[in-house]
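Chain by chain, the residues:
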Amino acid sequence: MRLLVCGGAGFIGSNFVRLRLAEHGDEIVVLDKLTYAGRRENLEGLDVRLVHAGIEDAEAVAGALKGVDAIVNFAAETHVDRSIAEPGAFVTTHAVGTWVLLEAARERAVRYVQVSTDEVYGSIEEGSFTESSPLAPSSPYSATKAGADLLVSSYFHTYGLPALICRGSNNYGPRQYPEKLIPLMVLNALHGDTLPVYGDGMQVRNWLYVEDFARAIGHVLAHGAPGEAYNVGGPDECPNIDVVRRVIELTGADESLLEYVTDRPGHDRRYSLGSEKVRALGWEARVRFADGLEQTVAWYRDNRAWWEPIRSGDYMEYYRRQYGRALG
Ligand code: NAD
Ligand code: TYD
């Protein structure tokens, strides 16, 4: 296929691009704004054309879309804590950016997959969300992602655009920006920095290895029904504190680094997705959390050249603002 992958220089997007090139030999154009989270080095050595532009830039989008069969949109601001501190960019990218992409897709009648998140359903104490669960987002991140999902659905209902939505649970794996729980804890543990656990650490996340999510998006792209949403949940759920304790074991760090800090405002207690619908398309998660976490810690240990430039400058400044202390 000839694909336009928006946000393809980020964590999940670049893993998706890698997988598609290796397993499908697609022709790929990446359109990415290269924010702090988007990195050219994530695409190093890959046979793709990179267009450096935002999805809200209609002219750049129209140019990048020439000759393309389908759009997969990963482009987003993705960190809940940043959305609490400064929601503006979340509104622009998720609402305006998604609208611009949808207009371009409508004009050329191309298939469109919106990459979304379990967070649009809000928190669930027991059981799992299905695709018909109501959207009840809690943070500016999840609220603007939910808004984007609704806009995507409206383009199917109103204009007949062959648009689909793929909602993943918490991803982890190589090339995840270290503001997120797992890489943050791994890098802090390797450096002997404290490990900041929000609140009581008993919040539960449904962990999905990034390659499993990338493969699921491929199934939705190829076999999903237009107008439908598909949940993609990981095979295992785990409270944050257990994740952090396992990172301590895998890195050989000192347990005294663990520190309980002030909770995130509006913190969702538990996420859990039922994945029956995407399974019916032939997808199955391949990586259990215990194995994937071990592989991920090994990847960060072996790829200092990827994260050393990140763990300086802007990131240090962000960390100081967010956690009220400097990294060592
Ligand atoms: P990421 O922050 O690593 O990457 C986001 C990418 O989007 C970056 O390359 C960035 O430069 C780009 N981008 C941001 N604003 C843009 C804009 N206006 N125009 C063009 N590009 C822009 O995020 P990620 O973890 O790879 O997430 C990718 C997608 O998957 C997002 O839509 C996110 O909501 C969704 N998702 C993430 C997770 C997770 O656990 N990380 C889980 C489910 C769904
Ligand atoms: P995060 O990786 O930000 O993903 P999300 O908020 O999208 O689930 O956080 C995962 C969980 O880890 C979430 O419950 C918040 C918690 N957390 C901490 O306890 N400490 C931290 O420093 C971070 C970044 C997250």
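Structure: above.
Summarised in this report is the structure supplied together with it. This is a predicted model, so every value here is computed, not measured.

How each quantity is defined
Residues numbered from 1 in each chain as written. Chains lettered and ligands numbered in written order. Predicted model: local features only at pLDDT ≥ 70, side-chain atom pairs only at ≥ 80, totals over all residues. Heavy atoms only, no water. Helix = DSSP H or I, 4+ residues; strand = E, 2+ residues; numbered from the N terminus. Buried < 20%, exposed > 50% of the residue type's maximum accessible area, 1.4 Å probe, protein only. Contact = heavy atoms within 4.5 Å. Areas by Shrake-Rupley, 256 points an atom, 1.4 Å probe, with all protein chains shown as cover. Lys, Arg positive; Asp, Glu negative; His and termini not counted. Charge placed at Lys NZ, Arg CZ, Asp CG, Glu CD. Near = heavy atom within 4 Å. Polar contact = N/O pair within 3.5 Å; in protein donor to acceptor, adjacent residues only side chain to side chain. Nonpolar A, V, L, I, M, F, W, Y, C, P; charged D, E, K, R; others polar. Pairing = 2+ DSSP bridges. Axes fitted to C-alpha atoms, helices over the stretch in contact; angles between N-to-C directions. Phe/Tyr/Trp six-rings, centres within 6.5 Å; stacked < 30°, edge-to-face > 60°. Lys NZ or Arg CZ within 6 Å of the ring centre and 35° of its normal. 1 Å grid on protein atoms, 1.4 Å probe; cavity = no way out; pocket = protein on both sides within 12 Å on 5 of 7 lines; lining within 4 Å. Points joined across faces, edges and corners; volume = space filled by probe spheres on them. Core = buried A, V, L, I, M, F, W, Y, C linked by side-chain atoms within 4.5 Å.

What the protein contains, in helices and strands, is 12 helices and 12 strands. In terms of overall dimensions, the protein has a C-alpha envelope of 55 × 40 × 35 Å along the principal axes. Scored against the burial criterion, the 328 residues of the protein give a buried share of 58%. For the protein, the share of sequence-separated contacts (at least 6 apart) that also reach a separation of at least 24 residues comes to 79%. For the protein, the exposed surface amounts to about 13,300 Å²; the carbon and sulfur share of it is 49%. Taking the average location of the 33 positive side-chain charges in the protein and that of its 45 negative ones, the two points are 3 Å from each other.

Right, let's talk about the site of ligand 2 for a bit. In the region of ligand 2, 18 residues are neighbours, and Glu119, Arg205, Arg264, His267 and Tyr323 sit closest. The contact in question runs from an oxygen atom of ligand 2 to an N or O atom on the backbone of leucine 181, over 2.9 Å. Measuring from an oxygen atom of ligand 2, one finds a side-chain N or O atom of asparagine 240 at 2.8 Å. For ligand 2, whose unbound accessible area comes to 510 Å², protein coverage reaches 97%. Of all the secondary-structure elements, those providing two or more residues to the shell around ligand 2 are α6 (181-191) and β8 (195-198). The greatest single-element share of the shell around ligand 2, amounting to three residues, is contributed by β8. Taken together, the residues of the shell around ligand 2 break down into eight nonpolar, five polar and five charged.

Below, the discussion takes up the sheet that holds strand β5 (residues 111-117). Each strand in a sheet pairs with another by means of backbone hydrogen bonds, the pair being arranged parallel or else antiparallel. Spatially, the seven strands line up as an open sheet ordered β3-β2-β1-β4-β5-β6-β10, and their pairing is parallel. Two strands close off the open sheet at either side, each with one partner strand: β3 (49-52) and β10 (229-232). Across the sheet, the axes of successive neighbouring strands diverge by a mean angle of 20°, strand direction being ignored. Here strand β1 (residues 2-6) runs beside strand β4 (residues 70-73); their pairing, made up of four bridges, is parallel. The partner of cysteine 6 across the bridge, within β4, is asparagine 73. Contacting β1, β4, β5, β6 (163-168) and β10, helix α7 (residues 210-223) runs over the sheet at an angle of about 145° to β5.

Attention shifts here to the packing of aromatic side chains. Counting across every chain of the model gives 17 aromatic pairs. Centroid distance tyrosine 177 to tyrosine 315: 5.8 Å. Interplanar angle 80°. Geometry classified as edge-to-face. Separated by 138 residues along the polypeptide, tyrosine 177 in the loop between β7 (171-172) and α6 and tyrosine 315 in helix α12 (residues 313-323) bring together distant segments of the chain. With relative accessibility at 1%, the residue tyrosine 315 sits in the buried group. Joined through ring pairs, the aromatic side chains of Tyr36, Tyr177, Tyr198, Tyr315, Tyr318, Tyr319 and Tyr323 make up one cluster. The ring of tyrosine 36 has arginine 82 lying over it, and the distance from NZ or CZ to the ring centre is 3.8 Å. The positively charged end of arginine 82 is found above the aromatic ring belonging to tyrosine 318, 4.0 Å away from the centroid.

Further remarks concern empty space enclosed by the protein. Counting across every chain of the model gives two cavities of 30 Å³ or more. In terms of lining, the second largest cavity is formed by Val80, Glu119, Ser138, Ser139, Ser142, Arg205, Arg264, Pro265, Gly266, His267, Asp268 and Tyr271. Classifying every residue of the lining of the second largest cavity gives three nonpolar, five polar and four charged.

Further remarks concern the nonpolar core. The biggest cluster of nonpolar side chains holds 37 residues, and the ones touching the most others in it are Ile182 and Phe289. Looking at this core, the elements with two or more residues in it are α6, β8, β9 (204-209), α8 (240-251), α10 (289-302), α11 (304-307) and α12. When neighbours within four sequence positions are excluded, isoleucine 182 is seen to be in contact with Tyr172, Trp207, Val243, Phe289, Leu293 and Thr296. Core analysis: the next-biggest nonpolar cluster, separate from the first, contains 33 residues, Ala9, Phe16, Leu19 and Val48 among them.

Of the two faces of β4, the one lined by Ala70 and Val72 and the one lined by Ile71 and Asn73 are each fully buried. Of the strand pairs in this sheet, β4 and β5 are connected by four bridges, and their pairing is parallel. Paired with valine 72 across the bridge in β5 is valine 113.

Close to ligand 1 lie 29 residues; Ile12, Asp32, Thr78, Tyr141 and Lys145 are nearest. Separating an oxygen atom of ligand 1 from a backbone N or O atom of isoleucine 12 is a distance of 2.7 Å. Measuring from an oxygen atom of ligand 1, one finds a side-chain N or O atom of lysine 145 at 2.7 Å. Notes on ligand 1: free accessible area 840 Å², of which the protein chains cover 97%. For the shell around ligand 1, the elements supplying multiple residues, two or more each, are α1 (11-24), β5 and α5 (140-159).

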